[in-house]
Amino acid sequence: MNTPMIWSLSLYAIPLLFLMGAAANLSHVNWRATLWASQGALWIAAASALLTLFGNVPLADLQGAGWINPSASSLVMLLLISFIAFVNVRFSHNYMAGNREEETRYLRWLMLTLGSVTLVVISNHLLVFMAAWISISMSLHQLLVFYPQRQRAVLAAYKKFIFARLAEVTLFTAIMLLYYDTGSWLISDVYVAMAKASQLNGVQETAAVLLALTALIKCAQLPLHGWLIQVVEAPTPVSALLHAGIINLGGFLMILFAPLIIQSAIAQWLLLIVGGLTTVVAALIMMTKISVKVRLAWSTMSQMGLMLVECGLGLYELALLHLVAHSCYKAYAFLNSGSEVESDLKRRLALPKMPRAPQWLSSFLIAAAFVAGMIWIFDISGPYSPWLLLGIAMMILVAERDSRLQRGGLFGVLSMALILVAAYSLQKYGAGLVVQSLPDAVGVWGDLWMSVLFIGFIALYWVLKYWPEHPKVMHFRVALYAGFYLDEWVTRLSLNLFPKQLPVRFNPKQLQIAPREMIQ
């Protein structure tokens, strides 16, 4: 047996371990088998990544394995998912303790979901990829309706179910078009065809647009976003898995098919317009929310939109870095959401000290000088809108250094900002070794569009911060809090097209007692 074959079998052992963990929980709970499966998957993924990093097993050898995706980004995703799965299972061991029947049902669907996600990540065969993609949605649905008596949870999961079917239709159509165009079911053969194509034909262009639509639906972008906000009623480990892993698959899909997407101006503009608007609108809506989990959900929407924007601008190495960082942060944030409630209450009780105009001006000059210096020293070429966003973030960080619980001197804040930028630059360089930036088809206009959105965001941020009592601002804030009623419209449309009988809500205030049980 040759090395590529051994390599491919070891990688396929990861989803197999998760599926074995699901089988071990068919009739009764088996935490020991579940923990062993997640730990084994993590060890195999880590060993595979190290062997590839040190050149012991070149990725080119995987071409001979056929059904294994020969890309470094797939190995990065495999290691990330295995790590999150290990942490999630360890956390769930204590969180779900108490009801053996619920533990069995939870572990069965959790492990099946994890196995399907890892199979999507490593698969090089389009049909296997599609089957695993559908399996993720079906098994995740069982976790989202884990408490079937909760009306809001059932409604949110039902909307997710409808949108998932829509995404599967667009993905399957794109796969069939790619097979018709290339005559092969292998993703690696799609890469070869795209490398030879100087310009996309009609079939390839349509496939690229359908893939972009699939990513937008999968990442819960506006207006098909409501389910992501409402499924927070599921168990906390399920929310952590959803926000830290599964929701990112739309971005992974764009990275996976980057050679195709980057040649389609229509697909890129679709990502920039929908993803850009979702980034800004979701970030503003998050400012009006109180619930920690709901704020995290809106934050996920905004981050997914920004990740898709990065793909639309051709910054795939930045998108991969964003994906990994967001997954780790959201897993920590949801699993630590109990402590976050206390921290949030402390921030709200602390008296805010809003920056004045001179502080904003000095912060703007510092951030502008820093960003301009970085661009000049390292001779950075476009797109420049991500650097504008970095400058805005640094300006807010410096200006609001004395607000609420973030008190600190200017030197300390600047030092932290420089350390963060240095760490980001090193990580971006490392991600560039895995996935490279590609010249986009939208040019300067896409960069200009995102710059306008980012400037609009900071303008509305100031308005909401400094004129909250103004009547027009109050009306705007109400509309923001309601999400501009987009989800209500989508919910009514969904239920009209696909009616659903929801569970009856139990109201103890209207408890009916049978006459024969009444005390006479």
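Everything quoted here is computed from the prediction, not taken from an experiment.

*Asks:* Looking at this model, I keep getting lost on the overall build of the protein chain. Mind explaining?
*Replies:* When you go through the protein chain residue by residue, the secondary structure sums to 22 helices and zero strands. Within the protein chain, the proportion of its 520 residues that are buried is 50%.

*Asks:* Just checking my understanding: could you explain the nonpolar core for this structure?
*Replies:* One broad trend across soluble globular proteins is that nonpolar side chains are buried collectively. By size, the foremost hydrophobic cluster in this structure holds 141 residues, and its most contacted members are L211, M254, F257 and I261. Leaving out residues up to four positions away in the same chain, L211 has contacts with L171, A174, L253, M254, F257, L260 and I261. Formed by six residues, the second largest nonpolar core is a distinct cluster that contains A240, V292, L296 and L335.

*Asks:* In this structure, what is going on with the side chain of S82? I would like to understand it.
*Replies:* Relative to the helices and strands, S82 is located in helix 3 (residues 72-95). Under the relative-accessibility criterion, S82 is labelled buried at 0%. Setting aside its immediate chain neighbours within four residues, S82 contacts I14, A41, L42 and A45.

*Asks:* Just to check I follow, could you spell out the pattern of salt bridges for this structure?
*Replies:* Pairing is possible between side chains of opposite charge, provided their charged atoms come close. All chains considered together, the criterion is met by three salt bridges. Residue D487 pairs with K159 through a salt bridge whose shortest N-O separation is 2.9 Å. Of this pair, D487 sits in helix 22 (residues 486-497) while K159 is found in helix 6 (residues 151-182), placing the two residues 328 residues apart along the sequence. By relative accessible area, which is 11% here, D487 ends up buried. When its relative accessible area of 1% is taken as the criterion, K159 is described as buried. E168 is the salt-bridge partner of R165, the closest N and O atoms lying 2.5 Å from each other. Note that R165 and E168 are positioned in helix 6 at a spacing of three residues, about one turn of the helix.

*Asks:* Sorry if this is basic, but what is going on with the side chain of H225 here?
*Replies:* If you trace the backbone, H225 turns up in the loop between helix 8 (202-218) and helix 9 (226-230). Of the residues examined, H225 reaches a relative accessible area of 2% and is grouped as buried. Filtering out sequence-adjacent residues up to four positions away, H225 remains in contact with A220, W298, M301, L486 and D487.

*Asks:* I tried to follow helix 14 (residues 292-312) on my own but got confused; where do I start?
*Replies:* What sets the pattern is the α-helix's 3.6 residues per turn: residues three or four places apart point alike. With 21 residues, helix 14 extends 30 Å from end C-alpha to end C-alpha; this agrees with the ideal 30 Å at 1.5 Å per step. The buried count for helix 14 comes to 19 of 21 residues, which makes it a mostly enclosed element.

*Asks:* Just checking my understanding: could you explain the layout of surface pockets for this structure?
*Replies:* In this approach, a probe sized like a water molecule rolls over the atoms, and the result shows the empty space that is left. Within this model, the second largest pocket holds a volume of roughly 530 Å³. Lining the second largest pocket are 24 residues, and of these R152, G226, I229, Q230 and D487 sit closest to its centre. Looking at the lining of the second largest pocket, the elements that each hand over two or more residues are helix 6, helix 9, helix 14 and helix 22. When grouped by side-chain class, the residues that make up the lining of the second largest pocket number eleven nonpolar, five polar and eight charged.

*Asks:* Would you mind showing me how to read the packing of helix 13 (residues 265-286) against helix 14 here?
*Replies:* Helix-helix packing: each pair is described by the crossing angle between the helix axes and the interaxial distance. Closest axis-to-axis distance for the helix 13/helix 14 pair is 7 Å, and the angle between their directions is 155 degrees. Considering their axes alone, helix 13 and helix 14 lie roughly antiparallel with respect to each other. Helix-helix and strand crossings are classified by hand; for helix 13 and helix 14 the assignment is left-handed. Across the interface between the two elements, Q268, L271, L272, G275, G276, T278, T279, A282, A283, I285 and M286 from helix 13 touch R295, W298, S299, M301, S302, G305, L306, L308, V309, C311 and G312 from helix 14. In the contact of helix 13 with helix 14, the residues fall into twelve nonpolar, nine polar and one charged.

*Asks:* In this structure, what is going on with helix 22? I would like to understand it.
*Replies:* In this model helix 22 runs 17 Å from its N-terminal to its C-terminal C-alpha over twelve residues, within 8% of the 16 Å that 1.5 Å per residue would give. All buried positions along helix 22 are accounted for by D487, V490, T491 and S494. Viewed along the axis of helix 22, the buried residues span an arc of 105 degrees, placing them on a single side of the element. Turned more than 90 degrees from where helix 22 packs its buried face, R492 and N496 sit exposed.

*Asks:* I'm lost on a nonpolar patch on the surface in this one. Help?
*Replies:* Nonpolar side chains collect at one region of the surface, where L127, F172, M176 and Y179 lie side by side and expose about 320 Å² of accessible area between them. Among the elements that line the nonpolar patch, the one with the most residues is helix 6, at three residues. Given the relative accessible area of 31%, Y179 is considered partly exposed.

*Asks:* Sorry, what's going on with the packing of helix 17 (residues 357-377) against helix 18 (residues 385-399) here?
*Replies:* Closest axis-to-axis distance for the helix 17/helix 18 pair is 8 Å, and the angle between their directions is 145 degrees. For the element pair helix 17 and helix 18, the recorded crossing hand is right-handed. Counting all contacts with helix 17, which are made through Q359, W360, S363, F364, I366, A367, F370, V371, M374 and I375, the residues of helix 18 involved are W387, G391, M394, M395, I396, V398 and A399. Taken together, the residues of the contact of helix 17 with helix 18 sort by class into 14 nonpolar, three polar and no charged.

*Asks:* In this structure, what is going on with the packing of aromatic side chains? I would like to understand it.
*Replies:* Note on aromatic pairs: each is described by the distance of the centres and the angle between the planes. Counted according to the given criterion, the structure contains nine aromatic pairs. The interplanar angle of 25 degrees and the centroid separation of 5.7 Å between the aromatic rings of F91 and Y95 together place this pair among those described as stacked. In this pair, F91 and Y95 both sit in helix 3, four residues apart, roughly one turn of the helix. On the accessibility criterion, F91 (27% relative accessible area) is partly exposed. Taking the centre distance of 6.2 Å and the plane angle of 55 degrees together, the rings of F476 and F484 count as tilted. Overall, the relative accessible area of 26% leaves F476 in the partly exposed class. Here the aromatic cluster, defined as three or more aromatic residues joined through ring pairs, consists of Y106, F146 and Y147. The lysine or arginine in question, R165, covers the ring of F161, its NZ or CZ lying 4.3 Å from the ring centre.

Cut-offs applied
- Residues numbered from 1 in each chain as written.
- Predicted model: local features only at pLDDT ≥ 70, side-chain atom pairs only at ≥ 80, totals over all residues.
- Heavy atoms only, no water.
- Helix = DSSP H or I, 4+ residues; strand = E, 2+ residues; numbered from the N terminus.
- Buried < 20%, exposed > 50% of the residue type's maximum accessible area, 1.4 Å probe, protein only.
- Core = buried A, V, L, I, M, F, W, Y, C linked by side-chain atoms within 4.5 Å.
- Contact = heavy atoms within 4.5 Å.
- Salt bridge = Lys/Arg side-chain N within 4 Å of Asp/Glu carboxyl O.
- Expected span 1.5 Å × (residues − 1).
- 1 Å grid on protein atoms, 1.4 Å probe; cavity = no way out; pocket = protein on both sides within 12 Å on 5 of 7 lines; lining within 4 Å.
- Points joined across faces, edges and corners; volume = space filled by probe spheres on them.
- Nonpolar A, V, L, I, M, F, W, Y, C, P; charged D, E, K, R; others polar.
- Axes fitted to C-alpha atoms, helices over the stretch in contact; angles between N-to-C directions.
- Parallel < 35°, antiparallel > 145°, perpendicular 65-115°, else oblique.
- Left-handed = near helix turned anticlockwise from the far one by under 90°.
- Arc of directions from axis to C-beta.
- Patch = residues over 30% accessible without salt bridge, like charges linked within 9 Å, V, L, I, M, F, W, Y side chains within 5 Å.
- Areas by Shrake-Rupley, 256 points an atom, 1.4 Å probe, with all protein chains shown as cover.
- Phe/Tyr/Trp six-rings, centres within 6.5 Å; stacked < 30°, edge-to-face > 60°.
- Lys NZ or Arg CZ within 6 Å of the ring centre and 35° of its normal.

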